[in-house]
Amino acid sequence: MEKIKYAKYTSATVFLLLSLLSPLSAQQIEARLSADTSAIQIGDQVNVSLTVRHAPDIILHWPLLDSFPGFEILSITKVDSSSSPEDPFITQNQRLTLTSFDSGSYRIPAIDVFYFTRSDTSRKATFTNALPLEVHTVAVDTTAEIKPIKDIRGAPLTFREVLPYILVALLVAALVWFVIRRIKRRPKPLPVEKKVILPSIPPHEIAMRKLAVLEEKRLWQKDLIKEYYSELTDIFREYLENKFKINALESTTGEIISSMQLNPVFKPLQLRQLEELLTVSDLVKFAKAKPASGENLEAMEVIRNFVKDTSSVSEKPTQTEPVTDPKL
């Protein structure tokens, strides 16, 4: 009898253990949907989590979630896995942010989660729960007074928006500064000298002034006879060339007298006196004669009277031909 009782107790114990282990083997994987709220207003957001808890030897095919009826998916996080020494199971989680713009009662359907084990590669599936969500409209008080539409409020300017204008202003300022600096450093043009046009002095006035200066030098009184006659004849030659356009400065005495004879303006007496004066001057230059004091005074008067007598004569050039002096 005791053996029969012992056998009964042993069978009961084994049956109890099997009954306890069978639910555990059935719960090797569990999937569920959850939300941080069950109701939102239009345009608000709700966070929905897909959580799968499974044994370590299970390999998941994570579902691809792209849409739900009545909702738009704004963002999806990466799948996060976690485990702990106290819990032999692995927990994987993914969070979705949803929004809706239509009011009503919605139901996120159950999601299929496929998996297989390392010992059995045949595909199996488990399902999440369905998740009901409510989307409400904004309550409107129909008894309240309708308010006017508010004006559009401008957004404040940021430094990033103002920065391009600041850079353009700095660039323009730098260009203006560069141009001004170049203009200041540019060499100033030299002042244009204004030509003063002096009234031309008639040849006879020039000759009379030079004769007065020569007379004040008192050269012949200082026994500078050669210098006296040289300056006196030069004054006469310059006057003759400037007044009557006769090439007198580079001509000999004979050539000058011959040229003057072709011009009816000159009187025979003037020509004779001038010829004698020029001849004496040539002799003095070669130290072949030394005129007396009276002759020196008379030579000055001959030139002075010639200038006076011919000062009012028209200044017309005469055609002259060089004539060789028969005396030379």
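A short tour of the structure in this document, coming up. (Residues numbered from 1 in each chain as written. Predicted model: local features only at pLDDT ≥ 70, side-chain atom pairs only at ≥ 80, totals over all residues. Heavy atoms only, no water.)

**Brief notes about the environment of L283**
Following the sequence through the fold, L283 ends up in helix α6 (residues 268–285). Looking at L283, the relative accessible area reads 35%, which means it is partly exposed. Separated by 57 residues in sequence, L283 and K226 have C-alpha atoms that sit 9.4 Å apart. Among all residues touching L283, those that are not within four sequence positions of it are K288 and A289. (Helix = DSSP H or I, 4+ residues; strand = E, 2+ residues; numbered from the N terminus. Buried < 20%, exposed > 50% of the residue type's maximum accessible area, 1.4 Å probe, protein only. Contact = heavy atoms within 4.5 Å.)

**Here's the deal with helix α3 (residues 203–217)**
Relative to the 21 Å expected for 15 residues at 1.5 Å per residue, α3 spans 21 Å between its end C-alpha atoms, a close match to the ideal helical length. Check the buried side of α3 and you find it contacts α4 (225–244) and α7 (293–310). One or two positions beyond α3, positive phi appears at R218, with a value near 55°. (Expected span 1.5 Å × (residues − 1).)

**A closer look at the sheet that holds strand β9 (residues 112–117)**
The strand order β4-β9-β10 describes an open sheet built from three strands, whose pairing is antiparallel. Looking at strand neighbours, the two that pair on one side only are β4 (58–61) and β10 (124–127), the edges of this open sheet. Strand after strand, the sheet turns through a mean of 35° between neighbouring axes, direction not considered. Here β4 runs beside β9; their pairing, made up of four bridges, is antiparallel. Counterpart to I58 in the pairing with β9 is T117. (Pairing = 2+ DSSP bridges. Axes fitted to C-alpha atoms, helices over the stretch in contact; angles between N-to-C directions.)

**Things to note about unusual backbone geometry**
One non-glycine residue with positive phi stands out, namely R218, at about 55°. Despite not being glycine, D223 shows a phi value in the positive range, around 70°. Position of D223 relative to the elements: it lies in the loop between α3 and α4.

**Some points on the side chain of S259**
Take S259: it is sitting in helix α5 (residues 253–261). Its relative accessible area of 6% is what places S259 among the buried residues. At 2.9 Å, the side chain of S259 forms a polar contact with the backbone oxygen of E255. (Polar contact = N/O pair within 3.5 Å; in protein donor to acceptor, adjacent residues only side chain to side chain.)

**Description of the pattern of salt bridges**
All chains considered together, the criterion is met by eight salt bridges. For R53, the salt bridge goes to D87, with nearest N and O atoms at 2.9 Å. Here D87 lies in strand β7 (residues 87–99) and R53 lies in strand β3 (residues 45–54), a separation of 34 residues in the sequence. Here K124 ties to D120 by a salt bridge, and the two come within 2.9 Å at their closest N and O atoms. When its relative accessible area of 31% is taken as the criterion, D120 is described as partly exposed. Through salt bridges with shared partners, a single ionic network connects E215, E301 and R304. (Salt bridge = Lys/Arg side-chain N within 4 Å of Asp/Glu carboxyl O.)

**So, the side chain of S281**
In this fold, S281 is placed in helix α6. The exposure class of S281 is buried, given its relative accessible area of 1%. Not counting the four nearest positions on each side in its chain, S281 is found in contact with Y229 and T233.

**What about the nonpolar core?**
The biggest cluster of nonpolar side chains holds 32 residues, and the ones touching the most others in it are L232, F236, L240 and M260. Mapped onto this core, the elements with two or more residues apiece are α3, α4, α5, α6 and α7. Per-element accounting of this core gives the leading share, nine residues, to α4. Residue contacts for M260: discarding those within four places in its chain leaves F236, L240, I246, F266, L271, L274 and F306. Within the second largest apolar cluster, 26 residues are counted, among which are A31, V46, L50 and L98. (Core = buried A, V, L, I, M, F, W, Y, C linked by side-chain atoms within 4.5 Å.)

**Observations regarding α4**
Under the 1.5 Å per step criterion, the end-to-end length of α4 is 28 Å for 20 residues, consistent within 8% with the ideal 28 Å. Within α4, burial applies to I225, Y228, Y229, L232, T233, I235, F236, R237, Y239, L240, K243 and F244. In this fold, the buried residues of α4 make contact with α3, α5, α6 and α7. At the C-terminal side of α4, K245 shows a positive phi close to 60°.

**Some words on the packing of aromatic side chains**
Under the defined criterion, the tally for this structure stands at seven aromatic pairs. Measuring from ring centre to ring centre gives 5.3 Å for Y228 and Y229, while their planes differ by 85°; the resulting arrangement is edge-to-face. When sorted by exposure, Y228 lands in the same class as Y229, which is buried. With a centroid separation of 5.6 Å and 65° between ring planes, the pair formed by F236 and F306 is classed as edge-to-face. Here F236 is found in helix α4, whereas its partner F306 is found in helix α7, with 70 residues between them in sequence. Residues F236 and F306 agree in their burial class; the two are buried. Taken together, F236, Y239, F244, F266 and F306 form an aromatic cluster joined through their ring pairs. (Phe/Tyr/Trp six-rings, centres within 6.5 Å; stacked < 30°, edge-to-face > 60°.)

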